[in-house]
Structures are given as C-alpha cells and as structure tokens.
Amino acid sequence: MRSRVSILALGVALGASAITIAPEMTRFLPPGSALAAASDTYRNLNLFGDVFEKIRSDYVEKPDEQKLVESAINGMLGSLDPHSSYMDAKSFRDMQVQTRGEFGGLGIEVTQEDGAIKVVTPIDDTPASKAGILSGDIITAIDDESVVGLSLNQAVDKMRGAPNTAVVLKILRGPNKDPQDIKLTRAVIQIKSVRDHKDGDDIGYIRITQFNEQTFEGVRNAIQKFQAEIPADKFKGYILDLRNNPGGLLDQSIAVSNAFLDRGEIVSTRGRNADETMRYNARPGDLSKGKPLVILINGGSASASEIVAGALQDHKRATIIGTRSFGKGSVQTIIPLGQNSGAVRLTTARYYTPSGRSIQAKGIDPDMIILQDVPDDLKGKDDTKGEASLKGHLKNGDDEKGGSQAYVPANAKDDKQLIAAEDLLRGVTKSSSRVISPPSNEPVKVPN
C-alpha cells in the first residue's frame, strides 16, 4: 500500500506538477511474476554496476562518483516523462521553501523543452519582470555556462542565490531566435500570490499569480473586503484572474474552488490501480454567497489553475474567458530518501475535473475564447506550446491539443479578455469584441 501524507500541485518551475509526499512505496505482485521481474531487474542492475565500475577505474580523470549516481538517477527518471526527476537535498529544501512563498532569486517560472530552459512567465514585481524577461524566452546560458546537460532543477538552482548578487542570462527570443544577454540582480522573492482591487464600484477583481500557503487566506480576505465595501444590491460579481498562473499547492486550489462552491466534487486523482483513486469534495458554505463569477485563463495557466477553472466550469459556477490552458494533468509523488539524501519526484496519477475530464495534454477550453491584440514586436512570442509539446509527456488519446496565446497587455484598457469579463458581469454587449464562441452544441454558460 502507498502511504500518502499530503498532496501538492507545484508550479511550472517545478514541473507544474500535482505532487504527493510519500515515505513508503511498496506493491504486491503474484509470486511468479515477482520472481521473473526480479531476475531481469537484478541482471540490469548488474549491468549498471559493471558500467559504473569501468568508469571509476578507467575514465581519463577521476570522476565524481556522487555526481555519476545522481546523473544516472536523473536519466532514469527523465526517460519516464517531463515531470519525474531527482532532487538532491538542497533542491528538496528549495522546493519546500518555494511553497511557503519566499526565496532568493529572480522571480521566473520556467520549464524544460529539448534540453533548453523556457520561460513560462516572469512573476509580477520581481527582477525578471522588471528586466523585461518574456514568456516564451529560451534561456541558453546562465553566467556564460550553457544549460545543455543541466536538469531543470540544476538550472533553477544556478539562477537562485543571495540577494543583491548579479546573474547574466543569455536568451533567444522570437521566431528568429535572436540572442541577447540580460543582466539581473537577485532579490528576496516574496510571492504575494493574491492581488485584488475593486473594478469600478460594482466588481471585485482577484488575481492569483500562483498557489502557495497564503493563497486561500488572500482570496478569503479579498472576498470579505469586497462584501464590506460594495453594497449587495450593486455587487455584480467577481473576476478571478488565473492567466499565466503556473500552479501551486493543490490543497490551496481546492480551498479556492471551495470558496465559490457549496457542494460537489472539486477534483479526483487516479493512479495505476483502482484503489488509488482519491476524490476531493467541497464543504458547505459558499464564501462568495453565489455572486456571479468569471474566470480568466490563457496558455500560461497550468496545473492548480486548471483544477480551479475545471471544477467551477463543470459545476456551471463560473464562465471561463480567455484561451486554452496549458494542459498539465498528472500527479507526482515526492518520495523523501532519508536525511540529506534528497527526494524522488515520480509521476503516479492523473487528475480529473468533476465531470471526469482529463486535462492532460488537452487543457481547459474557455466558454468564450477571446484573443488579445498583440503588439507587432511581440507577435510570434505570445503563444505557449503547452503540455502536449513536451517530449515524453503522458499521452491522452488522439485529440491532444497544443498551447495557446499567453499575452496579457500591461494596460487594462487594452486587455480584451478583462473587458469582456467586465461586460459580461454588467450585462453589456459590444459587437466589436473579438469573441470566438464555442461550437453550437456547447452554449456559453451564464454565471449564477
């Protein structure tokens, strides 16, 4: 049986993964098959041992044996899917720090594609966003050291460091892959995951940049503030902005979903065996008191963001506006390997929306698809390829879908998706809006 302590859904910088921490991993097989499997396994382990000894004794220079073992483990896990990997003790500690919402670094969410490090999104108000790092930039070198051959965790580790120290990123940008060096100064990255403000005098706007330990509290406080400041008879509803949100703690995504629900399933996870299915249900008490809700998503919305959008869409509690989400729908189990030995992150399950939809390599399709007007100098740089483009990703049938537009204008006056959400809540119809409706058999949902 598998002992599960807690489940997390970390952002794209950590693989945009739903993660289970498990101290123990055992399975029971029929005796015959276990013996046959063991025989083949030990034969292959002997082969590994033989190669390892040859390297130790005959390589031209004395190798770092610990590095050899860690590289072998990473290679083994990396052959499974893009989100399984080994974390050394420092990387494991860094992961735990990030979930608390504070660390030293640049404030940049990244993923790995074909050996290169790709920017998913810079985090608001961090050195990365201030230096002009863009979603879709390819990082090829860090302080003149190529990232080729580095794992995602190793690259992230090189970008992190003590506050007020400098780092130079070499990036490729745009369809022509124009190279440029960008110098950044590291800072203490305090992730304020929730920002809110009144939109006019009748709408509550809540933006979640990622799901960390403070997220639900931030959303609850925002809801309570709006309810105190906006008279109930004038309150049109909420806009929940999840665009370019790479994910975060799963329990926080469940709590945020629960803030707008009174009952029903929020998400389920399903492993290889039927008895591994886990379901998470809403508790009574809709904190938003049933006010209409619009959720904004785009190609940079992944993992925990998709859990929230999928749950509230399936329950017809929200209208989803924007472009198709990233499509990260698998669960990783974090298996600690003992004191100072790091941990293994292993894909063990997929997660599903309440209606049973798997978002893996498909994403969440909005109820109203609205494209932004992209400036000429950013055209070709505004799309994400999505989970379906990642090498070795878990397959999900023949109808997988790629990524979508991930551009969000800096000026709210130019933000067509935000304007459409405001108009929907206020009952305004504008013929000039660039709206692509769903197929005729999938009517646009109206918030309730």
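Keep in mind the model is a prediction, meaning the values are calculated, not measured.

**Here's the deal with helix H9 (residues 416-426)**
For an α-helix the count is 3.6 residues per turn, leaving residues at separations of three or four pointing the same way. Those residues of H9 not exposed but buried are Gln-417, Leu-418, Ala-420, Ala-421, Glu-422, Asp-423 and Leu-425. Where H9 is buried, its residues contact strand E14 (194-199), strand E15 (203-208), strand E16 (237-241), strand E19 (293-297), strand E20 (319-322) and strand E23 (368-370). For H9, the N-terminal cap is Asp-415; the gap from its side-chain oxygen to the backbone nitrogen of Gln-417 is 3.3 Å. Trailing H9 by a residue or two, Gly-427 shows a phi angle of about 75°, which is positive.

**Things to note about the nonpolar core**
Among the nonpolar cores identified, the biggest contains 41 residues, and Ile-206, Ile-208, Leu-240, Phe-260 and Ile-295 are the most heavily contacted of them. The element that contributes the greatest number of residues to this core is helix H8 (residues 304-314), accounting for six residues. Setting aside residues up to four positions removed in sequence, Ile-208 forms contacts with Ser-193, Val-194, Thr-215, Val-219, Leu-240, Asp-241, Leu-242, Asn-245 and Val-256. Counting 20 residues, the second-largest nonpolar core is a separate cluster that includes Val-119, Val-147, Leu-152 and Met-159.

**Comments concerning helix H7 (residues 250-258)**
With eight of nine residues buried, H7 is to be regarded as a mostly interior element. The set of residues buried in H7 consists of Leu-250, Gln-252, Ser-253, Ile-254, Ala-255, Val-256, Ser-257 and Asn-258.

**Points about the environment of Leu-261**
When you line up the elements, Leu-261 lands in the loop between H7 and strand E17 (265-271). Residue Leu-261 is classed as buried on the basis of its relative accessible area, which comes to 4%. Taking the C-alpha atoms as reference points, Leu-261 and Ala-311, separated by 50 residues in sequence, lie 9.3 Å from one another. With residues near it in sequence (within four places) discarded, Leu-261 still touches Ile-266, Ala-282, Arg-283, Gly-285, Asp-286, Leu-312, His-315 and Arg-317.

**As for the pairing of E14**
Note: E14 against E15, six bridges, orientation antiparallel. Bridge pairing links Lys-198 to Gly-204 in E15. Taking the residues between adjacent antiparallel strands as the criterion, E14 and E15 are bridged by three residues, where Gly-200 takes a positive phi near 70°.

**With respect to the pattern of salt bridges**
One pass over the structure, following the stated rule, counts 22 salt bridges. The salt bridge involving Lys-158 is made with Glu-145; its shortest N-O contact spans 3.2 Å. Here the residue Lys-158 occupies a position in helix H5 (residues 152-159), and Glu-145 occupies one in strand E10 (residues 145-146), the gap between them amounting to 13 residues. By relative accessible area, Lys-158 is classed as partly exposed at 31%. Residue Arg-426 is joined to Asp-199 by a salt bridge in which the shortest nitrogen-to-oxygen separation is 3.7 Å. Separated by 227 residues along the polypeptide, Arg-426 in helix H9 and Asp-199 in strand E14 bring together distant segments of the chain. Through salt bridges with shared partners, a single network forms among Glu-53, Arg-56 and Glu-65.

**Overview of the environment of Ser-129**
By the secondary structure assignment, Ser-129 is in helix H4 (residues 127-130). We classify Ser-129 as partly exposed; its relative accessible area is 29%. Residues contacting Ser-129, with those up to four places away along its chain left out, are Pro-122, Ile-123 and Asp-124. Side-chain polar atoms of Ser-129 contact the backbone oxygen of Thr-126, separated by 3.0 Å.

**Notes on the packing of H7 against H8**
In contact at an axis separation of 9 Å, H7 and H8 are set at 25° when each is read in the N-to-C sense. Compared by their axis directions, H7 and H8 come out roughly parallel. By crossing handedness, the relation of H7 to H8 is classed as right-handed. Within the contact between the two elements, H7 uses Leu-250, Ser-253, Val-256 and Ser-257 and H8 uses Ala-304, Ile-307, Val-308, Ala-311 and Leu-312. Its residues placed into classes, the contact of H7 with H8 shows seven nonpolar, two polar and no charged.

**Points about the confidence of the model for the chain**
Caution applies to low-pLDDT regions: their predicted coordinates should not be interpreted in detail. Chain-level statistics for the chain give a pLDDT mean of 85 and a share of 86% at 70 or above. Residue range residues 1-31 is modelled with pLDDT below 50. Its contacts to residues more than four positions away, or to other chains, number 117 contacts. Counting interchain partners and residues more than four positions distant, the pLDDT-below-50 stretch residues 431-448 has 31 contacts.

**Points about a nonpolar patch on the surface**
Judged by side-chain polarity, Leu-47, Val-51, Ile-55, Tyr-59 and Val-60 come together as a nonpolar surface patch covering roughly 500 Å² of accessible area. Summarising the element assignment, Val-51 is placed in helix H1 (residues 31-58).

**Regarding the environment of Arg-100**
For Arg-100, the location among the structural elements is in helix H3 (residues 89-100). Take Arg-100: its relative accessible area is 45%, and that puts it in the partly exposed class. In this structure the C-alpha to C-alpha distance between Arg-100 and Glu-213, which are 113 residues apart in sequence, comes to 5.6 Å. Residues within four places of Arg-100 in sequence aside, it is in contact with Glu-213 and Gln-214.

Calculation criteria
Residues numbered from 1 in each chain as written. Predicted model: local features only at pLDDT ≥ 70, side-chain atom pairs only at ≥ 80, totals over all residues. Heavy atoms only, no water. Buried < 20%, exposed > 50% of the residue type's maximum accessible area, 1.4 Å probe, protein only. Helix = DSSP H or I, 4+ residues; strand = E, 2+ residues; numbered from the N terminus. Contact = heavy atoms within 4.5 Å. Polar contact = N/O pair within 3.5 Å; in protein donor to acceptor, adjacent residues only side chain to side chain. Core = buried A, V, L, I, M, F, W, Y, C linked by side-chain atoms within 4.5 Å. Pairing = 2+ DSSP bridges. Salt bridge = Lys/Arg side-chain N within 4 Å of Asp/Glu carboxyl O. Axes fitted to C-alpha atoms, helices over the stretch in contact; angles between N-to-C directions. Parallel < 35°, antiparallel > 145°, perpendicular 65-115°, else oblique. Left-handed = near helix turned anticlockwise from the far one by under 90°. Nonpolar A, V, L, I, M, F, W, Y, C, P; charged D, E, K, R; others polar. pLDDT = per-residue confidence, 0-100. Patch = residues over 30% accessible without salt bridge, like charges linked within 9 Å, V, L, I, M, F, W, Y side chains within 5 Å. Areas by Shrake-Rupley, 256 points an atom, 1.4 Å probe, with all protein chains shown as cover.

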